[in-house]
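Fold and geometry: a report
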Amino acid sequence: MNIDNGYSVPGSKAIGAPVIRQDAHDKAIGRTKYVDDRCDSGALCTRILHSTVANGIVKSIDTSEAEKVPGVVRVFTCFDIKEKHYFPTPGHPWSVDPHHQDIADRLVLTDHPLYYGDDIAAVVAEDEVAAAQGIRALKDKVEYEELPFVLDTADAMKEDAPLLHPDYPGNVLAHTSIHQGNYEEAIKEEGLVRVEGWYEVPTVQHCHIENFECFAYGEGDDRYVCVTSTQIPHIVRRVIGQALGMDWGKFRVIKPFVGGGFGNKQDSLYEPLCVWLSMQLGGRLVKIDVPREETFVNNRVCHAERFHIISWLRKDGTFAARKYEAWSDQGAYSSHGHAIAAKALNAFPQLYPCDNIDADAWTVYTNKPVAGAMRGYGMPQGSYAFEAAADDCARAIGMDPLEFKRKNLMPVGFVHEFSHNELYSDTFNQCFDKGDKAIGYTKKYKEYSKEQTGEIRRGIGVATYWYNTAVYPIALETSSCRMVLNQDGSVQIQLGETEIGQGADTVAAQMAADTIGLTFDKVHTVSCQDTDITPFGTGVYASRGTYTLGFSVRKTAEELKRKILDYAFELTRMQPYVLDIVDNNVIRKTDGRVLMSMAELATTALYSLDHSVHLTAETTAHIKSNAYAFGCCFAEVEVDIPMCRVRLLNIINVHDCGNVINPALAEAQVHGGMSMGIGYALSEKLLFDEKTGRPLNNNLLDYKLSSFMDHPRLVGQFVENYEPTSAYGTKGLGEPPVCPVAPAIRAAVAQATGCFINEIPLSPDVLYKNFVEAGLIEEEGGEN
């Protein structure tokens, strides 16, 4: 982990300033990393003891043997938490309205573990080896009172199920509904076709390259610094204060370069514990570095979800009425809670509008790892169910799936009553047309629709999705930006929106350069956020980055440009309204004449004996808009029937993300999302022992993560419809690419085999079960 502060750290080795390190990639792009050796050589290492029961009470922990391990500094247990401050963890903007605040149900260490792996103690040692040995000496010294546990949402809602949280009867964290029209009356229409399906998606994990890691130390005046791999530094600061019962301003959070997050780091993870440990040790530098096996279980996972959809169709292929039910597996603690299921619930009547809808969604506690935000925020789950149901409807009335979608999807001019989002363009048809042409869907669909009888069969499928950009009007949307004109005429930017590998820093620099009139190389975005210095922002999530930061970047850039031209007036006697900045020069608009360079103006402004001024600008944008982001995926597969395997032959995503600011970064986002979607569709699933609740495959050997060997060439294309609510015409792209991939692959497998499989991943064991039921293969040891 890289930090670049210059403060002394109690308990660390006496070393000089941060050192410069560059690998080959850094040198190639001209980036310098400042790595503080204190965090490499002076930090106390922490390992966390996790519960080995899925539900229980910790009666005692004998720490004596662990404390004898050479190098162990201290052993802390749940019984050392004298004041219990329950705190929320999700990366949501805080609300002054108690009814809109997140649920506070976590402790830094707990004596009542609610899932196998819950945090009950910590060993702090001089090095990783001693910490690991301390944990081994401790783990058999815990006495539990074991309690019944439940791993399935249906079981958790039963009357006799063990209750995880007393304030939530039936283990239901939340239940919301949407009712429009009259469903019961509408289904009485004569001649309707009833199509019903149950669809299920699994628990998966983010698997970002960099595991979670954080450091904490005291810096005097009863203040503490936490350097953490997070998407949400300003929110983490608030959560640390809530967790420790202290003023939020007592904490300083620094976000360095981050190796991916995908929503896992949109939660406050171990930052409160890390700071608490440092506090108990007099402000010494403490490190928590979470291994991959624990990242799977003790960070966050993606919500597993079960759907039940009933559609009533007229013979012309339109909807008369629809019923939707969804049960989302929250795991043991609330984290982002019902927001995930609620997002899919709200999308259901928008993507395929219908006059008569009954829709309900429940979020249910179970004794499993905590589910939080993951790329797509409920829409990979919802998209699978929505699109699978749409394909089942098309099959029921003998219609081409693509034709069915075109007929029933949200029409141009649709306005959502609550968010006021509007579909301004014929986005769906434009994306379908582009994808169809690129992959040859129409021709191949006809070809593959002919009866196939061989062992190797092919199919092609298409799926779309619904997505909105940012979180307004559900929650606060705000972005702040600071710009400084340097002596050489260059500009530096600071933002609360974090760079986590998606390219936010680059896009912000492009926007600022374009608005001010500088070349891109003259704008630098400060990548590392520091809550003591960086303007307030809630971080990156909800595909809000480019859309949201665009407002504050534009507002600040225009303000800075106004100040620059006002100063240029003093030097040139030309009124600001006849001046402009073009390619790093101040020019006169009337004839394009260059009057001075930006470097000359900036140097004069700082050092003039007549009028010295530091030209800066800082603004806040309170955003009260949102934007639809739509697209589609086409997938072509080859299915080996006897081997029960799917080979992906071709795949293309087409997205309307508005004005594409940086095509290379946009395409990279699409490729990354497609890769995650392929794993979601074909191989990924976190498994649990039904007898103990223990995770069975929480490592990268047994958890079948999709790799480039599982991919054909990934193709991403764009339809650019300028978004009128946006500062630069953009809308969300970070999360949407994952959403349509799994249902498109499901549709392709269905065409190839005739098996419309209602669960993912489409792994060999799932295919085997369905192929046997369909009579495509004989059951092993039995007859067809």
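Some details on the overall build of the protein
- Regarding its fold elements, the protein presents 20 helices and 28 strands.
- In terms of C-alpha radius of gyration, the protein reaches 28 Å, essentially the compact-globule figure of 28 Å for 784 residues.
- Seen through its principal axes, the protein has C-alpha atoms that stretch 90 × 80 × 50 Å.
- Counting over 784 residues, the protein shows a buried share of 62%.
- Sequence-distant contacts in the protein: of pairs separated by 6 or more residues, those separated by 24 or more amount to 78%.
- Looking at the protein as shown, the accessible area adds up to about 30700 Å², and 49% of this sits on carbon and sulfur atoms.

What to know about the packing of helix H15 (residues 504-516) against helix H16 (residues 545-572)
- One can describe the packing of H15 onto H16 by two numbers: an axis separation of 9 Å at closest approach and a directional angle of 35°. Here H15 runs over H16; the crossing is right-handed. For the pair H15 and H16, the contacting residues are Ala504, Val507, Ala508, Met511, Ala512, Thr515 and Ile516 in the first and Thr546, Leu549, Gly550, Val553, Arg554, Ala557, Glu558, Leu560 and Lys561 in the second.
- Of the residues assigned to the contact of H15 with H16, the class counts are ten nonpolar, three polar and three charged.

A short note on the packing of aromatic side chains
- Overall, the coordinates contain 19 aromatic pairs when judged by the stated rule.
- Seen from their ring centres, tyrosine 115 and tyrosine 333 are 6.5 Å apart, and the 80° between their planes marks the pair as edge-to-face. Separated by 218 residues along the polypeptide, tyrosine 115 in the loop between strand S5 (72-77) and strand S6 (119-125) and tyrosine 333 in the loop between strand S15 (319-331) and helix H10 (339-351) bring together distant segments of the chain.
- What makes tyrosine 115 buried here is its relative accessible area of 1%.
- An aromatic cluster is built from Phe307, Tyr324, Phe348 and Phe386, whose rings are joined through pairwise contacts.
- Here the basic side chain of lysine 323 rests over the ring of tyrosine 183, its NZ or CZ set 5.7 Å away from the ring centre.
- In this structure, arginine 554 is placed above the aromatic ring of tyrosine 728, and the distance from its NZ or CZ to the ring centre is 5.1 Å.

A closer look at unusual backbone geometry
- A cis amide bond links tyrosine 472 with the next residue in sequence, proline 473, at an omega value of 5°.
- Within the fold, proline 473 resides in the loop between strand S17 (456-465) and strand S18 (478-485).
- A cis amide bond, omega 5°, links isoleucine 760 with the succeeding residue proline 761.
- Mapped onto the fold, proline 761 is located in the loop between helix H19 (741-753) and helix H20 (764-774).
- Located in the positive-phi region is aspartate 222, a residue other than glycine, with phi close to 60°.
- Along the chain, aspartate 222 turns up in the loop between strand S10 (213-218) and strand S11 (224-228).
- Aspartate 222 sits in the partly exposed class, given a relative accessible area of 45%.
- Phi angles above zero are rare outside glycine, and serine 543 is one such case at about 50°.
- By the element assignment, serine 543 lies in the loop between strand S21 (529-530) and H16.

Quick word on the pattern of salt bridges
- Evaluated as defined, the whole model comprises 39 salt bridges.
- Put simply, aspartate 329 and lysine 368 hold a salt bridge, and the shortest N to O gap is 2.8 Å. In this pair, aspartate 329 is assigned in strand S15 and lysine 368 in the loop between strand S16 (357-365) and helix H11 (379-396), connecting sequence segments 39 residues apart. Both residues of the pair, aspartate 329 and lysine 368, belong to the buried class.
- For aspartate 392, the salt bridge identified is with arginine 746, shortest N-O distance 3.2 Å.

Focus: the pairing of strand S22 (residues 579-582)
- What you see with S22 is a clean split: Leu579 and Ile581 sit on the buried side and Asp580 and Val582 on the side with no burial.
- The pairing of S22 with strand S23 (residues 585-588) spans four bridges and is antiparallel. If you follow aspartate 580 over to S23, its bridge partner there is isoleucine 587.
- A loop of two residues connects S22 with S23, the two strands running antiparallel in sequence, and aspartate 583 in this loop sits at a positive phi of about 50°.

As for the environment of phenylalanine 520
- Considering the arrangement of structural elements, one finds phenylalanine 520 in the loop between H15 and strand S20 (523-525).
- Separated by eleven residues in sequence, phenylalanine 520 and alanine 509 place their C-alpha atoms 6.7 Å apart.
- For phenylalanine 520, the contacting residues outside a window of four places in its chain are Thr506, Ala509, Gln510 and Ala513.

What to know about the sheet that holds strand S9 (residues 193-201)
- With respect to topology, five strands assemble into an open sheet ordered S8-S16-S15-S14-S9, the strand pairing being mixed. Whereas interior strands pair on both sides, the edge strands pair on one side only; in this sheet they are strand S8 (172-180) and S9. For this sheet, the mean inter-axis angle between neighbouring strands, taken without regard to orientation, is 5°.
- Here strand S14 (residues 304-313) pairs with S15 via ten bridges, running antiparallel. Counterpart to isoleucine 310 in the pairing with S15 is lysine 323.
- Together, S8, S14, S15 and S16 form the strand contacts of H10, whose direction differs from that of S16 by roughly 170°.

Considerations on the packing of helix H12 (residues 401-408) against helix H13 (residues 427-439)
- Contact geometry of H12 with H13 gives a least axis separation of 11 Å together with a crossing angle of 160°. Taken as axis vectors, H12 and H13 run roughly antiparallel relative to one another. Judged by the sense of rotation from one axis to the other, the crossing of H12 with H13 is left-handed. On the side of H12, the interface is formed by Leu402, Lys405 and Arg406, while H13 contributes Asn429, Phe432, Asp433 and Asp436.
- When grouped by side-chain class, the residues that make up the contact of H12 with H13 number two nonpolar, one polar and four charged.

Section: the sheet that holds strand S28 (residues 714-718)
- Reading across the sheet, the four strands line up as S17-S26-S27-S28 and stay open at both edges, with mixed pairing between neighbours. What marks the edges here is a single partner per strand, and that holds for S17 and S28. With strand direction ignored, the average angle separating the axes of adjacent strands in the sheet is 15°.
- Against the sheet, helix H14 (residues 441-449) engages S17, strand S26 (630-640) and strand S27 (645-656), with an angle of about 135° to S17.

Observations regarding the confidence of the model for the protein
- Looking at the protein as a whole, its pLDDT mean stands at 93, while 94% of the residues score no less than 70.
- Here residues 1-40 is modelled with pLDDT under 50, and outside its nearest four sequence neighbours on either side it reaches 78 contacts, counting other chains as well.

Observations regarding H10
- For H10, with 13 residues, the first-to-last C-alpha span of 18 Å sits near the 18 Å given by 1.5 Å per residue.
- Taking burial as the measure, the 13 residues of H10 include eleven buried ones, the bulk of the element.
- Inspection of H10 places Ile340, Ala341, Ala342, Lys343, Ala344, Leu345, Ala347, Phe348, Pro349, Gln350 and Leu351 among the buried residues, and these make up the whole buried set.

Structural notes on the nonpolar core
- Tyr324, Phe386, Ile651 and Ile745 are the most contacted members of the largest nonpolar core, which has 128 residues in total.
- Of the residues forming this core, the biggest block, nine residues, is contributed by H11.
- The residues touching isoleucine 651, leaving out its near neighbours within four places in the chain, are Ile439, Cys633, Phe634, Ala635, Met674, Ile678, Pro712, Arg713, Leu714, Val715 and Val741.
- Ranked by size, the runner-up nonpolar core spans 57 residues in total, among them Leu49, Val53, Val236 and Leu281.

About the cut-offs
Residues numbered from 1 in each chain as written. Predicted model: local features only at pLDDT ≥ 70, side-chain atom pairs only at ≥ 80, totals over all residues. Heavy atoms only, no water. Helix = DSSP H or I, 4+ residues; strand = E, 2+ residues; numbered from the N terminus. Rg over C-alpha atoms; globule rule 2.2 N^0.38 Å. Buried < 20%, exposed > 50% of the residue type's maximum accessible area, 1.4 Å probe, protein only. Contact = heavy atoms within 4.5 Å. Areas by Shrake-Rupley, 256 points an atom, 1.4 Å probe, with all protein chains shown as cover. Axes fitted to C-alpha atoms, helices over the stretch in contact; angles between N-to-C directions. Left-handed = near helix turned anticlockwise from the far one by under 90°. Nonpolar A, V, L, I, M, F, W, Y, C, P; charged D, E, K, R; others polar. Phe/Tyr/Trp six-rings, centres within 6.5 Å; stacked < 30°, edge-to-face > 60°. Lys NZ or Arg CZ within 6 Å of the ring centre and 35° of its normal. Salt bridge = Lys/Arg side-chain N within 4 Å of Asp/Glu carboxyl O. Pairing = 2+ DSSP bridges. Parallel < 35°, antiparallel > 145°, perpendicular 65-115°, else oblique. pLDDT = per-residue confidence, 0-100. Expected span 1.5 Å × (residues − 1). Core = buried A, V, L, I, M, F, W, Y, C linked by side-chain atoms within 4.5 Å.

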